[in-house]
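# Fold and geometry: a report
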Amino acid sequence: MSTSTPADGGDESEQELSQAEADELIDEIERRRSLQGIAAVAVAAIGILFSLFQLFLAARSFTFVVPLPFVENFQVSLQLLQANAVHVAFALVITFLLFPSSTGDGIVVRNLGRIVPALADAIGEQNPLTRAAAILRRGFRWAFVDPEMERVTAFDIACIIGAVLSAFYFLTEFAEIQNMRVFGIDSGRPVTAIYTFLQPLFGGVPFVSEYSYAMALGVIGILLVLEATRRTLGLPLMLIVASFIVYARWGYLISGNTPFLGLLAIPELTWPDIIQNLWYNTENGVFGIPVTVSVSFIYIFILFGSFLEMSGAGQWFIDLAYAATGQRKGGPAKASILASGFMGTISGSSIANTVTTGAFTIPLMKRSGYSPEFSGAVEASASSGGQILPPVMGAAAFLMVQYTATPFADIIILATIPAIVFFFGVWVMVHLKAVQEGIGGLEEETVSMGEHLKRGWFYLVPIGLLLYYLIIERLSVSRSAWFTLVALVALVALVSAYSKETRGRLLGVLIAVVAAELASFTLAGVPVTGLLGGATAGIPLGEAAGIVGSRLGWYMMIAGAVTLVSKPDLDASLLNLNPKVTETTTMLSEKTGRDLDTQPARLGAFIVKSMDEGARTAVPVVIAVAAAGIIPGVISVSGLGPNLTSLLLALSGGSIVIMLLVTAVASIILGMGMPTTVTYIILISMLASPLVEFGIPLLAAHLFILYFGVIADITPPVAVAAYAASGVAKSDPFETGVKAFSLSLNKAVVPFAFVLAPGIVLLRKKANAAELPIRDQYRVIGLNDLAELSYSVPEILIPVIGVFLGVIALGATVIGTLYTRVGAAGRAGFALSSLLLMAPRLISESVFDLLGLVGVNISVNALLLDLTLRTVGFGIFAALVVRNRRKRDDEPDSDDNLTAASASN
């Protein structure tokens, strides 16, 4: 029987956040404007165009046809650099509309604001100089400052014009850009030669006529990216990126004879060299590999997540989690872990996931008896894990595909066990906390699992299809996402039109559409829509059936739309679209004075709102990868990479432990307040090669960096996900961050476990590894490897079991409870056993490093030592577990909840 204890803080603090309140909290954390009127419409329109552009790229690659009314279809054929430039330009325009340049509370604005009062005190308010300064201050505030965060300023408009001009140049003058790759950026024409109508105005101006337009746009473009970075991601990241640009220009001043620091000396580079490599290059710089990955993979998956969330899948997954665990001990917290995992793998955003899911889960955790700080910590910890949970993961996973040249299906396999271990570890900790506090499950009844699955099984279909396309069919990431997105919209259209009254009509329309298409292809060789252009030779029935079958999703959309139009007042009983969709139709009804709150209008609003929300979600990611791409760009153009690797190897003294600790600490520090994507790009550019030089598998090294970048989201003092959770939980932000970090502690140990024991992430050294480059010596295992027991048992099975037992020991260490309370000595013992079970080589390598300092070198069988240490760890763990259970049994006044601890998880 479940128990429930009211949370401190009263009923008001336990109320769930409304959708509007959740959106407002996200906007406040991310410092977004609340635009109204024309500006809001402009943002939505540009966001929808951005999504349409990306959908065309996903469906047709870089050559596609744009259907235009009353004119012949317009064919677009883009080069990679052009597509990347348009992609970034869209993100820049939306950034300058959504994010203010200043709200008036910055250091610069505050100091400038003191000038007028100082002049008034010194020379009087009526002095002409004071009055002129006051006029300048008003003009400055009008042009740059948006204190209410609700209007677009003149500076924003200027930035938008710069972004548009840059993209326009890439689209219209690409031949000149290609020539510049051979002859240099100075060979480009000045702006007066490109736009001759400007000759009378600027032809005589020396600066304008002497410098190429491409150079000017490159400088403006890089400055716009830095400004957008400051607005969306904060000043620290902008300064880091800017410092690399400064280093590229003046790094040659570093003397090569300086110990250690001399390794950072680079050849002298001119500004034209730097601008050309950072702005007009798809290998490095702003439009380099990170933006290419965003164009090809990241955006379409963000869009898929947006469509899935707008379809109502988010709430359905939350309810599914409560149906599965709500009545168990500590059920609300366990449901939060499952729900956050489901939603996190859809959205990939720690902050958005924490707020949207936490708005529902955190109040329930508080009502069940968890403290506000612990409730917020659970939500933040689980939500941050969404970026490492297959099948979707976060944007960094797609970058890993590109940087390591590994199929995404292999990345999924690689990441699965560590992700399960992480969520299992958080599950263990919330269970032990429930045991410690005597917290039961939900008092109210939850819907049965079978009934819930019956009502929303179709939400699982897109995820199943995605895995099918990626793993079974092994399609590219973009094609898999595109086909899955089409299937999702088709399912929503069908479910929107389905009821007992319309199911016959719906099936009839679908059969009619499919039959018409099949007949058209068989007789005329074209679809029905192509008959207007004239028939060609028919094709065999089997071939026609194959074509029609591949387009079934589109026919399902048509059938659903036709059925809805024939019965617009239909109530879709199985479908609960996201509240944002119904808010959109209600708002449009109020604006137009027409009743648009109908099922056909909701279906249209679902599609449009999904594209709008997808663009808004993607913009910070696009800006992040554009800015972060500058850093590997500088490293590449300056030739710094090998020297940096040598420097890090020298500083580590040849110790793999020191190298891993430096990487972990750097990932956490750099990742504080920054997107995981940025942290990943920067650190793999600097640290991946040194890690691989130590013999760590390339994929394991990349995953190691990714994990610690994710940990930064819940690491104080800048624990952005934890602070977002504290806003929902109404808890102390710093304490929430501390608890979130402690709950995620296994996420900090597991990476050491799998880089030192690659079998945990299912990597095996190739038979001919000695003949291969160090980056290519490992591969993802197959079924034959699992069947080889002499390998799979000691290298995979035992380490994986050790990791799972280790997170249980870690839970007892952090929470201080197993079957009953654990004393200080017991917690120390559990901590030691946890480390021995999870990463024994971390201890052995540390000991060998210390012995090496005194000249003692020991040669041992690494696998045998590893198994021995894990056995010792298991022995300590088992002894402590038995002791703790006996202690519980010997307690005469044990709480009933404690006696049921082991059976109620």
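See the structure above.
Below, the structure is looked at part by part. This structure is a prediction, so every number in the text was calculated from the model and none was measured.

So, on to the overall build of the protein. Of the regular secondary structure elements, the protein holds 44 helices and four strands. The C-alpha atoms of the protein give a radius of gyration of 30 Å, which matches the 29 Å a tight globule of 905 residues would have. Summarising its shape, the C-alpha atoms of the protein cover approximately 95 × 85 × 75 Å along the three principal directions. The buried share of the protein, reckoned over its 905 residues, is 54%. Pairs at least 24 apart in sequence give 75% of the contacts found in the protein among residues at least 6 apart. When the accessible surface of the protein is totalled, it reaches about 38,200 Å², and 63% of it is carbon and sulfur. Across the protein, the 54 positively charged side chains and the 67 negatively charged ones have centroids separated by 1 Å.

We now examine the packing of aromatic side chains. For the structure shown, the criterion picks out 34 aromatic pairs. Geometrically, the ring pair formed by Tyr322 and Phe360 is edge-to-face, given 5.5 Å between the ring centres and 90° between the ring planes. One end of the pair, Tyr322, is in helix H17 (residues 313-325); the other, Phe360, is in helix H19 (residues 350-368), with 38 residues separating them in the sequence. Phe360 matches Tyr322 in its accessibility class, with the two residues each being buried. Their ring planes at 45° and their centres at 6.1 Å tell us that Trp482 and Trp554 sit as a pair that is tilted. Here Trp482, found in helix H25 (residues 477-497), pairs with Trp554, found in helix H28 (residues 552-566); they are 72 residues apart in sequence, far enough to count as distant. Within the aromatic cluster, the residues linked to one another by ring pairs are Trp316, Phe317, Trp457, Phe458 and Tyr459. Seen from the ring of Phe422, Lys747 lies directly overhead, with NZ or CZ sitting 4.2 Å from the centre. Arg764 extends its terminal NZ or CZ atom over the ring of Tyr791, reaching a point 3.9 Å from the ring centre.

What follows deals with helix H15 (residues 271-279). By the burial criterion, the buried members of H15 are Ile274, Ile275, Gln276, Leu278 and Trp279. Those residues of H15 that are buried are in contact with helix H4 (80-98), helix H8 (154-172), helix H9 (174-183), helix H13 (213-233), helix H14 (235-250) and helix H31 (630-638).

Moving on, we get to the pattern of salt bridges. Under the criterion given, the structure shown has 21 salt bridges. Its salt-bridge partner being Lys580, residue Glu613 comes within 3.3 Å of it at the nearest N-O pair. Taken as a pair, Glu613 in helix H30 (residues 599-628) and Lys580 in helix H29 (residues 579-592) lie far apart in primary sequence, 33 residues in all. This pair shows no difference in class: Glu613 is buried, exactly as Lys580 is.

Attention now goes to H17. Spanning 13 residues, H17 covers 18 Å between terminal C-alpha atoms, matching the ideal 18 Å at 1.5 Å per step. Looking only at H17, the buried set comprises Ala313, Gly314, Trp316, Phe317, Ile318, Leu320, Ala321, Tyr322, Ala323 and Thr325.

Okay, the side chain of His87 next. Secondary-structure assignment places His87 in helix H4. Look at His87 and you get buried, because its relative accessible area is 0%. Leaving out residues up to four positions away in the same chain, His87 has contacts with Phe50, Phe53, Gln54, Val291, Ser294, Val295, Tyr299 and Val622.

Inspection of the secondary structure puts Ser573 in the loop between H28 and H29. On the basis of relative accessible area, Ser573 is assigned to the partly exposed category, the value being 45%. As for Ser573 and Ser499, which are separated by 74 residues in sequence, their C-alpha atoms are 7.3 Å apart.

Turning our attention to the environment of Leu851. Topologically, Leu851 is positioned in helix H42 (residues 840-853). Those residues in contact with Leu851 that sit more than four places away from it in its chain are Val856 and Ile858.

Here we take up a nonpolar patch on the surface. A grouping of Leu850, Leu853, Val854, Val856, Ile858 and Val860 is seen on the molecular surface, where their side chains present a nonpolar patch of about 600 Å² in accessible area. With respect to the helices and strands, Val860 occurs in the loop between H42 and helix H43 (862-890). For Val860, a relative accessible area of 41% translates into the label partly exposed.

Another aspect to go through is the packing of H17 against helix H23 (residues 449-456). Angle between the axes and distance between the axes: these two values describe a pair of packed helices. For the pair H17 and H23, interaxial distance at closest approach is 9 Å and the crossing angle is 165°. With respect to each other, H17 and H23 are oriented roughly antiparallel. Between H17 and H23 the crossing geometry is left-handed. Here Trp316, Asp319, Leu320, Ala323 and Ala324 of H17 lie close against H23, whose contacting residues are Met449, His452, Leu453, Arg455 and Gly456. Here the contact of H17 with H23 is composed, by residue class, of six nonpolar, two polar and two charged.

The rules behind the values
- Residues numbered from 1 in each chain as written.
- Predicted model: local features only at pLDDT ≥ 70, side-chain atom pairs only at ≥ 80, totals over all residues.
- Heavy atoms only, no water.
- Helix = DSSP H or I, 4+ residues; strand = E, 2+ residues; numbered from the N terminus.
- Rg over C-alpha atoms; globule rule 2.2 N^0.38 Å.
- Buried < 20%, exposed > 50% of the residue type's maximum accessible area, 1.4 Å probe, protein only.
- Contact = heavy atoms within 4.5 Å.
- Areas by Shrake-Rupley, 256 points an atom, 1.4 Å probe, with all protein chains shown as cover.
- Lys, Arg positive; Asp, Glu negative; His and termini not counted.
- Charge placed at Lys NZ, Arg CZ, Asp CG, Glu CD.
- Phe/Tyr/Trp six-rings, centres within 6.5 Å; stacked < 30°, edge-to-face > 60°.
- Lys NZ or Arg CZ within 6 Å of the ring centre and 35° of its normal.
- Salt bridge = Lys/Arg side-chain N within 4 Å of Asp/Glu carboxyl O.
- Expected span 1.5 Å × (residues − 1).
- Patch = residues over 30% accessible without salt bridge, like charges linked within 9 Å, V, L, I, M, F, W, Y side chains within 5 Å.
- Axes fitted to C-alpha atoms, helices over the stretch in contact; angles between N-to-C directions.
- Parallel < 35°, antiparallel > 145°, perpendicular 65-115°, else oblique.
- Left-handed = near helix turned anticlockwise from the far one by under 90°.
- Nonpolar A, V, L, I, M, F, W, Y, C, P; charged D, E, K, R; others polar.

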